[in-house]
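What the coordinates show
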Amino acid sequence: MGSYQDFFDRSITDPDGFWGEAAEAITWTKKWDKVLDDSNQPFYRWFTGGELNTCYNAIDRHVENGRADQPAIIYDSPVTDTIETITYRQLRDQVALFAGGLKNLGVVKGDTVVIYMPMVPQALVAMLACARLGAVHSVVFGGFAPKELAIRINDAKPKVMVSASCGIEGAKVIPYKPLLDQAIELAEHKPEKCVIMARPQAEAQLVPGRDVWWDDLVAEAEPAECVTVAATDPLYILYTSGTTGIPKGIVRDNGGHAVALHWTMKYLYDVEPGDVYWAASDVGWVVGHSYIVYGPLLYGCTTIVYEGKPVGTPDPGAFWRVISQHGVKVLFTAPTALRAIKREDAAGEYLKKYDISQFEALYLAGERTDPDTYQWATEMLQRPVIDHWWQTETAWAIAGNFRGIELLPIKPGSATKPAPGYDVRIVSGDNQELGPNQPGVVVVKLPLPPATLLTLWQNDQRFLESYINPFPGYYFTGDEGYMDDDGYVFVMGRVDDVINVAGHRLSTGAMEEVIATHPDVAECAVMGATDDFKGQLPVGLVVLKAGVDRDESDITQELIQMVREQIGPIASFKSVVVVARLPKTRSGKILRGTMRKIADGAEYSMPSTIDDPATLGEIEEALKTIGYAQKA
Ligand code: COA
Ligand code: AMP
């Protein structure tokens, strides 16, 4: 079959042959004219001229090819005490009917639909129904507040929205419908219709003329057929945090996406059709899109929809229980989930209760797997623990250990080697390529492989400014790191103001924008401080306007509440302190990097450009009062 190196080399020297072969595994209604179309650089396109339907590939063809009675989805919800199996045939019927319902609401090919749903199978049904119609879905994670949802509504301009009466977060029931209503109230764009799935845990009030119950919509619908789309047509938009308060609408295609995701199931995750594959994430994130929904279904696996947490639902054995009960072969989650389990069950007592003999490997992403977590998980599980590095932009791993080709030796702290298709390089700030072990900015030589972002939704200019212009000829990942002598990739963190909290990507810039609107705040800075559990946590520093003499703790509480209400609980913004002034360079730039080091209790050198060195001591004292700046 060939070594990892054979695969990688061929993917770079012969992308047409490499991906053209991979594309044979997808069912096309019309074959492509070109595998890689580089006629409009840097807007590379894959499989131009090809036509297909992603939903057909993910569901219908499995029904036609002998998998009709195989479970497509296992819904495991400890928070509602439910376990439900949906076969491929049942899934096809549910998706076709819901697609028929959307059609009755006027949704046609090319329309956008925003989905704001908890982790229930209906979230997948809604996504796949859009794909069936050639409509473009945009799923918004439930932990985002109405204002964030409104920003996405304004950008995506959905004809229809799909939501539920509530989500359930551990022991908390979170009514979604009021959040949806507030978002629509705030948004300039108004969707014509909202479909609401009623859940028994919370009631919802429908807005007459606009809202319709899921069940009523489906009761009146006829099943809809799959609509053929161009390989290069958009399948979905997924918003992700940039450095400002305006998120980036990543656009994914149909053809390249189906080909690359299908390919990864065998060569990266090493599963077979029919296997049970579990990504313990949320459909609101890219991991959920790629590996709860599309990847496993395109490949004919059984996917798990888990509505629960790694701990507390009911205990730190939850993941092992699911693996054991459903015969999971591969689990994909974020390192923070393992740290949560380790915190409550370091000795693995809960793990011992379950037979996980059919479990083969654990994959981690969302943040770097720190060597401690790696060691612990490896000792506990006695199986490969594979860190792989990727982003919303790419839909699949940029670097990983391609176990389905060959399992390379694992180096803790590294995501192993570049994925086939990704010509990863390390460059300096002035775009000079750096040699082994030299830290720099991680970039990928263009073109990117299939499934990676086409552009930003209706904003080619921002796509160019964000990803292409900073390092001409390369895709700018926003991450920093190095490659060692063996070509292993070590991704150490972001070079921008994006932070990673419990595997969730957030913008400190967006938090600063919220804080700056407080009437008592003159200036502020939010940075990501290292956290043993969540990887990073946002920490705010604020300077009050002259003459403000209110109690500082009242102000900081208000700021915490504002970020929670305007960005969402997922921001985990709980630490903020008032300071007299912020450390700046002589030209007025806030020294965020130095403050971050101070917050972490790390060594730092006095920046030569600093305006007043005394500010750093003040910041250190202030951070100590909220539990940061503790020297190790
Ligand atoms: N809807 C509404 N609120 C949500 C939410 C949702 N879908 N998801 C999270 N929240 C809330 C949480 O309840 C919490 O609220 P609180 O401040 O009132 O406690 C807040 O947002 C922060 O959530 P989170 O950062 O997830 O912290 P947590 O302590 O609730 O859970 C983990 C921590 C590690 C257990 C959890 O983040 C986890 O399982 N993460 C790993 C898996 C994952 O989702 N990875 C994503 C990419 S792979
Ligand atoms: P997201 O777009 O939410 O998937 O977040 C992508 C960002 O998370 C990347 O740019 C990295 O900063 C970080 N990230 C994800 N996976 C890893 C990993 N395995 N190692 C290091 N950083 C990671």
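Everything numeric here is computed off the predicted structure, so don't read it as measured data. (Residues numbered from 1 in each chain as written. Chains lettered and ligands numbered in written order. Predicted model: local features only at pLDDT ≥ 70, side-chain atom pairs only at ≥ 80, totals over all residues. Heavy atoms only, no water.)

Moving on: the site of ligand 1. Close contacts around ligand 1 come from 27 residues, with Glu 169, Lys 172, Lys 534, Arg 564 and Lys 574 the closest. Between Glu 169 and ligand 1, the recorded distance is 2.9 Å, taken from a side-chain N or O atom to an oxygen atom. Separating an oxygen atom of ligand 1 from a side-chain N or O atom of Lys 309 is a distance of 3.2 Å. In isolation ligand 1 exposes 930 Å². Once the protein is present, 85% of that is buried. Looking at the shell around ligand 1, the elements with two or more residues in it are strand 10 (172-175) and helix 12 (335-344). Taken together, the residues that form the shell around ligand 1 break down as 13 nonpolar, eight polar and six charged. Structurally, the shell around ligand 1 is a two-domain feature, drawing no fewer than three residues from each of domain 1 (4-109 + 198-308 + 388-424 + 468-474) and domain 2 (502-624). (Near = heavy atom within 4 Å. Polar contact = N/O pair within 3.5 Å; in protein donor to acceptor, adjacent residues only side chain to side chain. Areas by Shrake-Rupley, 256 points an atom, 1.4 Å probe, with all protein chains shown as cover. Helix = DSSP H or I, 4+ residues; strand = E, 2+ residues; numbered from the N terminus. Nonpolar A, V, L, I, M, F, W, Y, C, P; charged D, E, K, R; others polar. Domains from an automatic or database assignment.)

The next point concerns the packing of aromatic side chains. With the rule as written, the count across this model stands at 37 aromatic pairs. With centroids separated by 5.6 Å and ring planes inclined at 55°, the aromatic side chains of Phe 18 and Trp 263 adopt a geometry described as tilted. Of this pair, Phe 18 sits in helix 2 (residues 15-22) while Trp 263 sits in helix 9 (residues 255-267); the two residues are 245 residues apart in sequence, bridging distant segments of the chain. Using a relative accessible area of 7% as the deciding quantity, one classes Phe 18 as buried. Classification of Trp 263 by relative accessible area gives buried; the value is 6%. Ring pairs connect the aromatic residues Phe 7, Phe 18, Trp 19, Trp 263, Tyr 267, Trp 396, Phe 402 and Tyr 422, which therefore count as one cluster. Seen from the ring of Trp 32, Lys 31 lies directly overhead, with NZ or CZ sitting 4.9 Å from the centre. (Phe/Tyr/Trp six-rings, centres within 6.5 Å; stacked < 30°, edge-to-face > 60°. Buried < 20%, exposed > 50% of the residue type's maximum accessible area, 1.4 Å probe, protein only. Lys NZ or Arg CZ within 6 Å of the ring centre and 35° of its normal.)

To continue, consider the sheet that holds strand 26 (residues 489-494). Spatial strand order, 23-24-25-26: four strands in an open sheet with antiparallel pairing. The sheet is open, and its two edges are formed by strand 23 (423-427) and strand 26, each paired on a single side. Taking each pair of neighbouring strands and ignoring which way they run, the sheet shows an average axis angle of 50°. Examined bridge by bridge, strand 24 (residues 440-445) and strand 25 (residues 474-483) share five bridges and lie antiparallel to one another. Counterpart to Val 441 in the pairing with strand 25 is Glu 480. (Pairing = 2+ DSSP bridges. Axes fitted to C-alpha atoms, helices over the stretch in contact; angles between N-to-C directions.)

What follows concerns the sheet that holds strand 19 (residues 361-364). Two pairing modes exist for strands in a sheet, parallel and antiparallel, and in both the strands are linked by backbone hydrogen bonds. The mixed open sheet is built from seven strands, whose spatial order is 5-4-17-16-18-19-20. With one partner strand each, in any of the chains shown, strand 5 (82-87) and strand 20 (385-387) form the two edges of the open sheet. The sheet shows a mean angle of 20° between the axes of neighbouring strands, taken without regard to direction. Where helix 10 (residues 286-299) meets the sheet, it contacts strand 4 (71-77), strand 16 (276-279), strand 17 (302-306) and strand 18 (328-333), and its direction lies at approximately 150° from that of strand 17. (Contact = heavy atoms within 4.5 Å.)

The next point concerns the domain arrangement of the protein chain. Splitting the protein chain by domain gives domain 1 (4-109 + 198-308 + 388-424 + 468-474) and domain 2 (502-624). Summarising the inter-unit geometry, the C-alpha centres of domain 1 and domain 2 are found 38 Å apart. Counting from both sides, the interface comprises ten residues of domain 1 and, opposite them, eight residues of domain 2. For the pair domain 1 and domain 2, the summed buried area comes to about 650 Å², and 44% of that belongs to carbon and sulfur atoms. When the buried surface of domain 1 facing domain 2 is broken down by residue, Ser 241, Gly 245 and Trp 285 rank first, second and third, together holding 63% of it. Between the two partners, domain 1 and domain 2, sit one salt bridge. Across the pair Glu 393 and Arg 505 runs a salt bridge whose closest N-O atoms are separated by 2.9 Å. (Buried area = accessible area lost by both parts, 1.4 Å probe. Salt bridge = Lys/Arg side-chain N within 4 Å of Asp/Glu carboxyl O.)

Before going further, it helps to spend a moment on the nonpolar core. Within the largest apolar cluster, 123 residues are counted, with the highest numbers of intra-cluster contacts made by Trp 19, Phe 98, Leu 128 and Trp 396. Per element, the largest residue contribution to this core is ten residues, and it comes from helix 5 (residues 121-133). Val 140, Ile 560, Val 576 and Leu 616 belong to the second-largest nonpolar core, a separate cluster that totals 71 residues. (Core = buried A, V, L, I, M, F, W, Y, C linked by side-chain atoms within 4.5 Å.)

Our next topic: the pattern of salt bridges. A side chain with one charge can pair with a side chain of the opposite charge if their charged atoms come near. Per the stated rule, a full pass over the model turns up 37 salt bridges. Across the pair Glu 433 and Arg 425 runs a salt bridge whose closest N-O atoms are separated by 2.9 Å. One continuous salt-bridge network, built from bridges that share partners, spans Lys 177, Asp 181, Arg 210 and Asp 211.

Before going further, it helps to examine the side chain of His 388. Structurally, His 388 is set in the loop between strand 20 and strand 21 (399-400). Engagement of the side chain of His 388 in a polar contact is seen with the side chain of Tyr 269, the distance being 2.9 Å. Excluding anything up to four places from it in sequence, His 388 contacts Leu 268, Tyr 269, Phe 332, Tyr 363, Leu 364, Ala 365, Ala 397, Ala 399, Gly 400 and Ala 415.

The next subject is the site of ligand 2. In the vicinity of ligand 2 lie 15 residues, with Asp 387, Thr 392, Asp 479, Arg 494 and Arg 505 positioned nearest. Taking His 388, its main chain carries an N or O atom lying 2.8 Å from a nitrogen atom of ligand 2. Side-chain polar atom of Arg 505 to an oxygen atom of ligand 2: 2.7 Å apart, as the coordinates give it. The protein chains hide 94% of the 490 Å² of surface that ligand 2 would expose on its own.

Once that is clear, we can look at the packing of helix 5 against helix 10. Where helix 5 contacts helix 10, the axes come no closer than 11 Å and their chain directions differ by 60°. On the basis of the axis angle, helix 5 is oblique to helix 10. Two packed elements cross with a definite hand, and for helix 5 against helix 10 that hand is right-handed. Facing helix 5, whose interface residues are Leu 124, Met 127, Leu 128 and Ala 131, helix 10 presents His 289, Ile 292, Val 293, Tyr 294 and Leu 297. Taken together, the residues of the contact of helix 5 with helix 10 sort by class into eight nonpolar, one polar and no charged. (Parallel < 35°, antiparallel > 145°, perpendicular 65-115°, else oblique. Left-handed = near helix turned anticlockwise from the far one by under 90°.)

A few words on empty space enclosed by the protein. Where empty space is left becomes clear once a probe the size of a water molecule has been rolled over the atoms. As enumerated under the stated definition, the model contains three cavities of 30 Å³ or more in all. In this structure, the largest cavity occupies an estimated 140 Å³ of space. Pro 42, Tyr 44, Leu 448, Thr 452 and Leu 453 are, among the 15 residues lining the largest cavity, the residues nearest its centre. Among the elements of the structure, strand 2 (45-48) and helix 14 (460-468) are those that each provide at least two residues to the lining of the largest cavity. Per-class residue counts for the lining of the largest cavity are twelve nonpolar, one polar and two charged. Here the second largest cavity is characterised by a volume of approximately 90 Å³. Along the walls of the second largest cavity sit 14 residues, with Glu 148, Arg 152, Ser 241, Ser 507 and Ala 510 positioned nearest its centre. Listed by contribution, the elements that provide at least two residues to the lining of the second largest cavity are helix 6 (146-156), strand 28 (504-507) and helix 15 (508-515). By residue class, the composition of the lining of the second largest cavity is seven nonpolar, five polar and two charged. (1 Å grid on protein atoms, 1.4 Å probe; cavity = no way out; pocket = protein on both sides within 12 Å on 5 of 7 lines; lining within 4 Å. Points joined across faces, edges and corners; volume = space filled by probe spheres on them.)

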